[in-house]
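# Report on the structure
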Amino acid sequence: MTSFTRSRSARFLAGVALLSVSAIVVAGCSSTPSDDSSDGGSTSTADLTLKLGSLLPQTGSLAFLGPPMESGVGLAVKEVNDAKAGVTIDLTAEDEGDTDTKAYETSITKLQGAGVSAIVGAAASGVSKLILDGNVSAGILQISASNTSPDFTAWDDDGLYFRTAPSDLLQGEVLGNLIAEDGAKSLGIIYQNDAYGTGLDAAIKETFEGTGGEVVAEASFNVGDAQFDAQVETIKAQNPDAVAIVSFDQFKTLAPLLVNAGISADKFYLVDGNLSDYGDEIPVSLEGAQGTKAGPALADDFTDRLQTYWTGEGNSEVKDFTYAAEAYDAVVLVALASLAADSTEGADIAAKMQEVSGGSGDGEKCTSFADCAKIINDGGTADYDGYSGDVTFDEAGDPQGASIGIYKYGADNMIERTN
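Residues numbered from 1 in each chain as written. Predicted model: local features only at pLDDT ≥ 70, side-chain atom pairs only at ≥ 80, totals over all residues. Heavy atoms only, no water.

### Some words on helix H2 (residues 103-113)
Turning to H2, its buried residues are Tyr-104, Ser-107, Ile-108 and Leu-111. All buried residues of H2 project into a common sector of 100° when viewed along the axis, lining one side. Seen from the open side of H2, the exposed residues pointing more than 90 degrees away from its buried face are Thr-109 and Gly-113. Tucked inside the fold, the buried residues of H2 contact strand E2 (48-56), strand E3 (87-95), strand E4 (118-121) and helix H3 (125-137). One or two positions beyond H2, positive phi appears at Gly-115, with a value near 75°. (Buried < 20%, exposed > 50% of the residue type's maximum accessible area, 1.4 Å probe, protein only. Helix = DSSP H or I, 4+ residues; strand = E, 2+ residues; numbered from the N terminus. Arc of directions from axis to C-beta. Contact = heavy atoms within 4.5 Å.)

Right under this line is the structure:
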């Protein structure tokens, strides 16, 4: 097997699956997809080699999301290849970094130079905004497993942009309502000043104030900042009932500062960018803190396969699986769309993405690449439902439905899903 490490480029075979966005399902599991394998496949007349790129955070403030997302991509590549159903994906993996480190500038040049037809990534909305127009000009399909900025819905992308994660409008609504339902009447928000942070700040504020609550303090910071005393003082001065923290790994610094300022962790409300199993990485108790992130509870067979794949490539175990399912599904959907289009051109693949996700409304349900490929190879229309949920793209490339999970920290600083 070709080696896939987080520090260098790698090449694989792959496929893509996606999520949808017009309804909110707080909690619950979607139907569990079957294990991808060559069983159930059919002999395909297609013989496609799809050059796929991944642009995911191996370094930077989102590096903790690298292992789950890269393991999702890598496992999907392996299982699509194992199906031998007409699509072989040649994957080139590059580091996204973040808007501060700018690793993506070199990486996107490498990916475009490699002749990729589609790219899974970037993870950060801010990075995707900086590379999307260039990809559109080059005719490259871009699909993100974690972009949540509402701005992408109306982006002029020639139909080449898709995402398997729901918009911040959904997560912000869920979190704002959760804070209100917990009895808070006043809220302070600390957020990073980028596309991700400002979008969630606005959505949380609008929802919370719509319930009758009041946002009494807002404090922003820039990606790359290391000092947050001023932001903590701004929040502390208003003594809010709850504090929403919209950040990436800056939370490791923010949490102790807030607790030491007298704001107990059971007042914290986190988001997908900083919700993680911290254990002893944070030197204060997070017990009682809550947070939200997209995606249904994952089946054990899927997380076991992710872990087996990732550690088998010589990596340490994945700590949590945030956006792993979305990344896996993104690959499966791209592969299915390529097969349905009988093409590896970005525009041709994009034209079939809505169809294979169920957007046409007349497809046959299937839950693995192999089973969906059989339907396509037999002349039918596949409707893939993945591990991230039912996958149905709308005309803007957004998922039409989403599951937003609610999580709570225990005394061990580890999260447990509560709804």
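That covers the picture; the talk isn't over yet.
### Focus on the confidence of the model for the chain
In the predicted model, the chain carries a mean pLDDT of 90, and the fraction of residues at 70 or more is 89%. Here residues 1-32 is a poorly scored stretch, pLDDT under 50, and it has 179 contacts once near neighbours within four places are set aside; other chains count. The low-confidence segment residues 34-42 (pLDDT under 50) makes 29 contacts with residues lying over four places distant or belonging to another chain. (pLDDT = per-residue confidence, 0-100.)

### Some points on the packing of aromatic side chains
Taken as a whole and assessed by the stated rule, the structure comprises eleven aromatic pairs. A centroid spacing of 6.3 Å and a plane angle of 20° characterise the contact between Tyr-278 and Tyr-409, whose relative ring orientation is stacked. On the criterion of sequence distance, the pair formed by Tyr-278 in the loop between strand E10 (268-270) and strand E11 (290-294) and Tyr-409 in strand E15 (residues 400-409) is long-range, its members being 131 residues apart. Each member of the pair Tyr-278 and Tyr-409 is classed as buried. Seen from their ring centres, Phe-302 and Tyr-387 are 4.0 Å apart, and the 10° between their planes marks the pair as stacked. Of this pair, Phe-302 sits in helix H8 (residues 300-312) while Tyr-387 is found in the loop between strand E13 (382-386) and strand E14 (389-390), placing the two residues 85 residues apart along the sequence. Note on accessibility: Phe-302 and Tyr-387 belong to one class, buried. Within the aromatic cluster, the residues linked to one another by ring pairs are Phe-251, Phe-268, Tyr-278 and Tyr-409. (Phe/Tyr/Trp six-rings, centres within 6.5 Å; stacked < 30°, edge-to-face > 60°.)

### Here we look at the packing of helix H4 (residues 168-181) against helix H5 (residues 195-210)
Taken N-terminus to C-terminus, the directions of H4 and H5 make an angle of 45°; their axes are 7 Å apart at the nearest point. Viewed along their axes, H4 and H5 adopt a mutual orientation that is oblique. For the pair H4 and H5, the sense of crossing is right-handed. Two secondary-structure elements touch here, H4 through Asp-168, Leu-169, Gln-171, Gly-172, Glu-173, Leu-175, Gly-176, Asn-177, Ile-179 and Ala-180 and H5 through Tyr-196, Gly-199, Leu-200, Ala-203, Ile-204, Thr-207 and Phe-208. Looking at the contact of H4 with H5 residue by residue, the classes come out as nine nonpolar, six polar and two charged. (Axes fitted to C-alpha atoms, helices over the stretch in contact; angles between N-to-C directions. Parallel < 35°, antiparallel > 145°, perpendicular 65-115°, else oblique. Left-handed = near helix turned anticlockwise from the far one by under 90°. Nonpolar A, V, L, I, M, F, W, Y, C, P; charged D, E, K, R; others polar.)

### Considering the state of the cysteines
In the structure shown here, the tally under the stated rule is one disulfide. Here Cys-366 engages in a disulfide with Cys-372; their sulfurs sit 2.0 Å apart. Handedness here is read from the sign of the S-S torsion; for Cys-366 and Cys-372, about 105°, the answer is right-handed. Taken as a pair, Cys-366 and Cys-372 share a single burial class, namely buried. (Disulfide = S-S within 2.5 Å.)

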